[in-house]
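Okay, here's what each chain looks like letter by letter:
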Amino acid sequence: TINGPGSVPPATPAVAAAVPAEAPVKPAGTGTTAKPGQIAAVAVTKVEGLTVRDNRDLADAMRLVLQDAGWPVLAHPRRDALTITGKASVGPKQGDVQKVALNWTVAMPDGKVLGSIKQANNVPAGSLDNGWGRTAHHAAQAAAGGIFNLVKQAQGAR
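Residues numbered from 1 in each chain as written. Predicted model: local features only at pLDDT ≥ 70, side-chain atom pairs only at ≥ 80, totals over all residues. Heavy atoms only, no water.

Some details on the nonpolar core
And then number 1: Judged by nonpolar contacts, the single largest core of 35 residues is most densely connected at Leu58, Leu66, Trp104 and Trp132.
And then number 2: Listing elements by their share of this core, those giving two or more residues are β2 (41-48), α1 (52-68), β4 (81-90), β5 (97-107), β6 (113-124) and α2 (134-156).
And then number 3: For this core, the leading source of residues is α2, giving nine residues.
And then number 4: Residues contacting Trp104, with those up to four places away along its chain left out, are Val47, Leu58, Met62, Ile84, Thr85, Gly86, Gly115, Ser116, Ile117, Gln119 and Ala143. (Core = buried A, V, L, I, M, F, W, Y, C linked by side-chain atoms within 4.5 Å. Buried < 20%, exposed > 50% of the residue type's maximum accessible area, 1.4 Å probe, protein only. Helix = DSSP H or I, 4+ residues; strand = E, 2+ residues; numbered from the N terminus. Contact = heavy atoms within 4.5 Å.)

Okay, here's the thing in structure tokens:
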């Protein structure tokens, strides 16, 4: 379930890097019917740091990308779900560019952090002034590869 049923996780784009927590936590089994202690889904609970609309668009984009990869996706935490939260920022215009930064944190149901996926890019100045649109989906796709690798690394540490 973690890598999606029958799917192979995409390669991690250069923009997303998995940063493990100091002591990675080993996720439980990955069956589709969860037993006590197993991970059966992922909850993308929130993104913060931008406008309400942009935060929602990024969270929705991440949910869609993970769902398309075959993961059962939730909007709220559950005892058998990993939790993903996001923090985003758009820097001031510097000439014709602005720096955009995203940090996605992946945690076990008990709150122990598996690690973070950090993204940063320069975008054309003002290009996000009217919302993220497809950029939210592209950012989520780039981060998903790092999330897949982070979970895989934690599974290998079992």
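Next comes the rest of the account.
Let's talk about the packing of aromatic side chains
And then number 1: Using the criterion set out here, one finds one aromatic pair in the structure.
And then number 2: Measuring from centroid to centroid gives 5.1 Å for Trp71 and Phe148, while their planes differ by 65°, and the two rings are edge-to-face. A residue pair is termed long-range when its members are at least 10 positions apart, and Trp71 in the loop between α1 and β3 (73-74) and Phe148 in helix α2 qualify at 77 residues.
And then number 3: For Trp71, a relative accessible area of 4% translates into the label buried.
And then number 4: Phe148 gets classed as buried once you look at its relative accessible area, which sits at 2%. (Phe/Tyr/Trp six-rings, centres within 6.5 Å; stacked < 30°, edge-to-face > 60°.)

Thoughts on the pattern of salt bridges
Oppositely charged side chains can pair when the atoms bearing their charge come close.
And then number 1: All chains considered together, the criterion is met by five salt bridges.
And then number 2: Here Glu48 and Lys46 are joined by a salt bridge, their closest N and O atoms 3.6 Å apart.
And then number 3: The partly exposed category is assigned to Glu48, whose relative accessible area is 35%.
And then number 4: For Asp129, the salt bridge identified is with Lys93, shortest N-O distance 3.4 Å. (Salt bridge = Lys/Arg side-chain N within 4 Å of Asp/Glu carboxyl O.)

By themselves, these are just geometric observations and shouldn't be taken as functional.
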